[in-house]
Amino acid sequence: MTFKLFAACAALSCSLFAIGCSTDTSSVSAPRTAAATDFGPGFHKIKDGIYTFAPDQTTTTCSMVVTQDGVLLIDSCNSSLDSKRMLNAVKKVTDKPIRFLVDTEVHNDHTWNHFVFSPPAVVVNAQGAVEGQKKGLDPKRVETLAKQSPEMAEIVKNYKFIAPHIEYNDRLTIQLGERTFDVIYLKNVHSEADSIIWLPKERVLFAGSAANVRTMINLRPHVRIPDVLAGYKVMRALNPEIVVPGHGQPTTAKIFDEYEGFYTLLMKRVGEMAAQGKSLDQIKKELKMPEYADWAGQDRLGVNIDVAYASLKGK
Ligand SMILES: [Zn+2]
């Protein structure tokens, strides 16, 4: 079989490279089909050969896409126990290897468990991912997790730091088996390197953590709301049928509208209060978003105000 990577670089001249892997083509077989219920709670079958896994509405989502020539995973799950569940699910569906693992961001809840899948998976994310991932490492994490249960200890004893093997600029197309994956960089929407994965034929979008499901997001200080809104525009323009968020269960492009509404109202309120001469501290004390009282993560309103304020000041 052959898989091809097409890398298009924004700032640099476009480069094109292909990696050929020779295996016995006579062994190529269609993926086995399986119901998501075969894998346990939290798994969803999106389309034939496309499965997502999130134990609940706020926990990190990880997903698999099966092709005739192997599997592409999106994110490596938050808990190592969940990574093992995902690995077992992959084995139930196909005997082909996991060829690629594409990260939607650099944070540990999406990337720390690379070691469960790689090798053999080649890990991919946008430029800046390796540095970003290194920055977030907790040297005590293996020790802490090992204390949780013998099952966890058994998995994390094999921990090894695995950084992305490939960093791309702007856009990368992966052809694997019969499927096409467009990996697209979104600037400054959540972490130091954020990718979305678009399957144009299947119209499925893995959207990362710029929008989740009715949850206030832990916005890092470097995030800027206009960049986030620009990201929604890019994702909406793809016209996806199914949107898989970075956390929670599969949904649709309506989440981009919901978050756009939230951030637009937040920016308006912060802007009005700043225009009245209020300090950031005063704004954080007084500003309420009662329209979004049913969203999870209410304790993150403060960091959302910080980022809205910085975005308005153009800092
Ligand atoms: Zn994150």
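Everything discussed here concerns the structure shown above.
Counting from 1, residues in each chain are numbered in the order their sequence is written. Totals for whole chains, interfaces and linings use all residues, but because this is a predicted model, local features are given only for residues with pLDDT of at least 70 and pairs of side-chain atoms are given and counted only at 80 or more. Values reported for side chains reflect all heavy atoms of the structure, with hydrogen atoms and water molecules removed beforehand.

Asks: Before we move on, can you summarise the packing of aromatic side chains with the specific residues and values?
Replies: Side-chain rings of Phe, Tyr and Trp, where Trp is taken by its six-membered ring, are said to pair if the distance between their centres is within 6.5 Å; with planes under 30 degrees apart they count as stacked, over 60 as edge-to-face, and otherwise as tilted. What the rule picks out here adds up to 13 aromatic pairs. Between Tyr-232 and Phe-256, the ring centres sit 5.8 Å apart and the planes meet at 25 degrees, which makes this aromatic pair stacked. Of this pair, Tyr-232 sits in helix H7 (residues 225–237) while Phe-256 sits in helix H8 (residues 254–275), and the two are 24 residues apart along the sequence. We call a charge positioned over a ring when the NZ of a Lys or the CZ of an Arg lies within 6 Å of the ring centre and within 35 degrees of the ring normal. Positioned above the aromatic ring of Trp-112 is the side chain of Arg-141, whose terminal nitrogen or guanidinium carbon lies 4.6 Å from the ring centre. Helix and strand definitions follow DSSP, with helices as H or I runs of at least four residues and strands as E runs of at least two, each counted in order from the N terminus.

Asks: Let's hear about the coordination of the zinc ion: which residues, and what values?
Replies: Sites may look incomplete because water is not among the atoms; the donors themselves are N, O and S atoms within 2.8 Å of the metal, or within 3.2 Å for Na, K and Ca. All of the protein donors around the zinc ion are Glu-105 (OE), His-107 (ND1) and His-190 (NE2); their distances to the metal are 2.1 to 2.2 Å. Counting along the primary sequence, the residues that act as donors to the zinc ion give the motif E-x1-H-x82-H. Just as Glu-105 is buried, His-107 falls in that class too. Only protein chains enter the accessibility calculation, which uses a 1.4 Å probe; a residue is then buried when its area is under 20% of its type maximum, exposed when over 50%, and partly exposed in between.

Asks: Provide a residue-level description of the layout of surface pockets, including the pertinent values.
Replies: In the cavity and pocket records, a cavity denotes points on a 1 Å grid over the protein atoms alone where a 1.4 Å probe fits but cannot get out, a pocket denotes an open set with protein on both sides within 12 Å along at least 5 of 7 lines, and lining residues are residues with an atom within 4 Å of a point. Grid points are joined across faces, edges and corners, and a volume is the space filled by probe spheres set on the points. Size it by volume and the largest pocket reaches roughly 230 Å³. Surrounding the largest pocket, 16 residues form its lining, Asp-109, Asn-212, Asn-218, His-247 and Arg-300 being those nearest its centre. In the lining of the largest pocket, the residues fall into two nonpolar, ten polar and four charged. Each residue is assigned to one class: nonpolar for Ala, Val, Leu, Ile, Met, Phe, Trp, Tyr, Cys and Pro, charged for Asp, Glu, Lys and Arg, and polar for all the others, Gly among them.

Asks: How would you sum up unusual backbone geometry? Please name residues and give values.
Replies: The omega torsion of the bond from Ser-118 to Pro-119 falls at 0 degrees, within 30 degrees of zero and hence cis. Looking at where Pro-119 falls in the secondary structure, it is placed in the loop between helix H3 (114–117) and strand S8 (122–126). Here the residue pair Pro-119 and Pro-120 is connected by a cis peptide bond, since its omega of 10 degrees sits within 30 degrees of zero. Within the secondary structure, Pro-120 sits in the loop between H3 and S8. With phi around 65 degrees, Asp-75 is a residue other than glycine that occupies positive phi space.

Asks: Residue-level account of the environment of Ile-283, with values.
Replies: Note on placement: Ile-283 falls in helix H9 (residues 280–286). Ile-283 sits in the buried class, given a relative accessible area of 0%. Placed 23 residues apart in sequence, Ile-283 and Asp-306 show a C-alpha to C-alpha distance of 9.5 Å. The residues contacting Ile-283, other than those within four sequence positions of it, are Val-270, Met-273, Ala-274, Lys-278, Ile-305 and Tyr-309. Should any heavy atoms of two residues lie within 4.5 Å, those residues are counted as being in contact.

Asks: Explain the nonpolar core residue by residue, including any values.
Replies: Tyr-232, Met-235, Phe-256, Tyr-263 and Leu-266 are the most contacted members of the largest nonpolar core, which has 39 residues in total. Secondary structure elements with two or more residues in this core: strand S11 (179–186), strand S12 (194–199), strand S13 (204–208), H7, H8 and helix H10 (301–312). Sorting elements by how many residues they give to this core places H8 first, with ten residues. In contact with Tyr-263, not counting residues within four places along its chain, are Ile-217, Leu-219, Ile-225, Val-228, Leu-229, Tyr-232 and Asn-304. Here the nonpolar core consists of buried residues drawn from Ala, Val, Leu, Ile, Met, Phe, Trp, Tyr and Cys, with membership extended through side-chain atoms lying within 4.5 Å.

Asks: An account of the sheet that holds strand S6 (residues 70–74) is requested, with residue identities and associated values reported.
Replies: When DSSP finds two or more bridges between two strands, those strands count as paired. Pairing is mixed in the open sheet, where seven strands are placed in the order S3-S4-S5-S6-S7-S8-S9. Of all the strands in the sheet, the pair left with one neighbour each is strand S3 (43–47) and strand S9 (166–168). Between one strand axis and the next, the sheet turns through 20 degrees on average, direction left out of account. With respect to the sheet, helix H1 (residues 80–93) is in contact with S3, strand S4 (50–53), strand S5 (62–67), S6 and strand S7 (98–102), its orientation differing from that of S5 by roughly 15 degrees. A fitted line through C-alpha atoms serves as each axis, taken over the contacting stretch for helices, and the angle formed by two N-to-C directions is quoted from 0 to 180°.

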